[in-house]
Amino acid sequence: MAREEGKALSTTMSILWMLLSNKHVSLRFSRTLPLINRALTAYGGRMNSLAENPHCMGSTSLMRHGLLKEKYWRIGVFMASVTSLPVLYNTASEEQLIQAICAKASVSTSAKLLDNLNDMIHTYPQAVHSLSAYESALTRGMYDPDGTSDITRAECSAHEIASWVYAIMLNRCGTPPCTRDIGLLVSGQIASLQHKRGDYPSIETYLSRVCERSIGNMWIDVDLHFSSQDGSPSLKKGNDYIFKSYLLYDDIQDIREDIRTNSVNSAIILGMEQGLLSEEDIVSEKTEAIVNNLEKAGIFWDILSLGDLVFLEGLEAISQCDTSIDKQGLVASLGMIRMFNMRRTLRREKSAIALGAFLADQKKLTQVKESAPDYIQDLVKHVA
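Residues numbered from 1 in each chain as written. Predicted model: local features only at pLDDT ≥ 70, side-chain atom pairs only at ≥ 80, totals over all residues. Heavy atoms only, no water.

A. Main features of the packing of aromatic side chains. The tally for this structure, following the rule as stated, stands at 6 aromatic pairs. Taking 5.9 Å as the distance between ring centres and 55° as the angle between the ring planes, the aromatic pair formed by Tyr43 and Trp73 counts as tilted. Highlighted residues: Tyr43 in helix α2 (residues 29-49) and Trp73 in helix α4 (residues 70-88), separated in sequence by 30 residues. As far as the burial class goes, Tyr43 and Trp73 line up, both buried. Look at Tyr43 and Trp164: their rings are 6.0 Å apart centre to centre, the planes differ by 80°, and that puts the pair in the edge-to-face class. Residue Tyr43 is located in helix α2, and its partner Trp164 is located in helix α7 (residues 150-173); the two are separated by 121 residues in the primary sequence. Residue Tyr43 shares its accessibility class with Trp164, and that shared class is buried. Each residue in the set Trp219, Phe243, Tyr246 and Phe311 is aromatic and connected to the rest through ring pairs, giving one cluster. Arg46 extends its terminal NZ or CZ atom over the ring of Trp164, reaching a point 5.6 Å from the ring centre. (Phe/Tyr/Trp six-rings, centres within 6.5 Å; stacked < 30°, edge-to-face > 60°. Helix = DSSP H or I, 4+ residues; strand = E, 2+ residues; numbered from the N terminus. Buried < 20%, exposed > 50% of the residue type's maximum accessible area, 1.4 Å probe, protein only. Lys NZ or Arg CZ within 6 Å of the ring centre and 35° of its normal.)

B. How the structure looks around helix α10 (residues 216-226). With 10 of 11 residues buried, α10 is to be regarded as a mostly interior element. Among the residues of α10, Gly216, Asn217, Met218, Trp219, Ile220, Asp221, Val222, Asp223, Leu224 and Phe226 are the ones counted as buried. Against α4, α5 (94-120), α6 (124-140), α7, α8 (179-191) and α11 (233-253) lie the buried residues of α10. (Contact = heavy atoms within 4.5 Å.)

Structure representation (structure tokens):
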């Protein structure tokens, strides 16, 4: 599919979802579409400004080097918008909403860019060093440009984008991002790289430590800061579960790319623990054989079931929160992101079972508790 055709299809699907979500008070189409368009314009301006920073690689150059795609930040803006509205629709002005969306998009865009650098280019020590600067950019809005090579300039772009999160929150909310959640995010990123030193994590370690690389806590922090309230603990807990489930769905979709770049992947770990693979087998030349082996053994369906159970834990926690948010609107938006993260799985499987999993609502997801293998159900308790 040509790039413009894919973009047109994505736009059509986004508008269709917004029309279907018009029933939720926070997601009225007449508010959602103009807000997203304004946010896309505002954030596009920020991304274009990277080229003006002598330490950074501009967004066009990042795309040319294969380190970032325009759709990453555009999708980030869309998803930030539809998750912020249910939390902020009755407390924040439109300008505050735009700033919150830009902060959240900066979290996701900077994390994606740094992920690509760590997976494709960096050695383990280089990745840890870059993540230290990333943590400084998020917590203090500061980082130390170190060199003028293309790789260094690309790193600085990730750090600069991260510094926007700090600046927006300090200037608009008067408070910086949550240091604890930034620490968890960075620790999860580092844990996701440990296998590059020969230490593959267990599936329990993956769920308890590596999954901390999820951006979920950072995203909900932004919304809660802009709403001038601490929020219900169950809201933050539920959001955390749901964003960690997205990582599991991503692992199924990204399996081929993760094998190629030697990136941590829960399906690979589960396959190793069940004796289907050894560390020596995990090489790009064996990608199709690995995927076929995992598929025949039902590993992908087990990971999908695990993702569904973790997602369900999140929904149940959100249903118990006592803040004045549009809970049903938030659930609809989080469900949309779930479907986005499963889209390539549906495209690959092309079966009624896959379609049912893709479209599953909370009632259908509850049935997974009865059908999932016992060992998969036991794994949910390891999600921190």
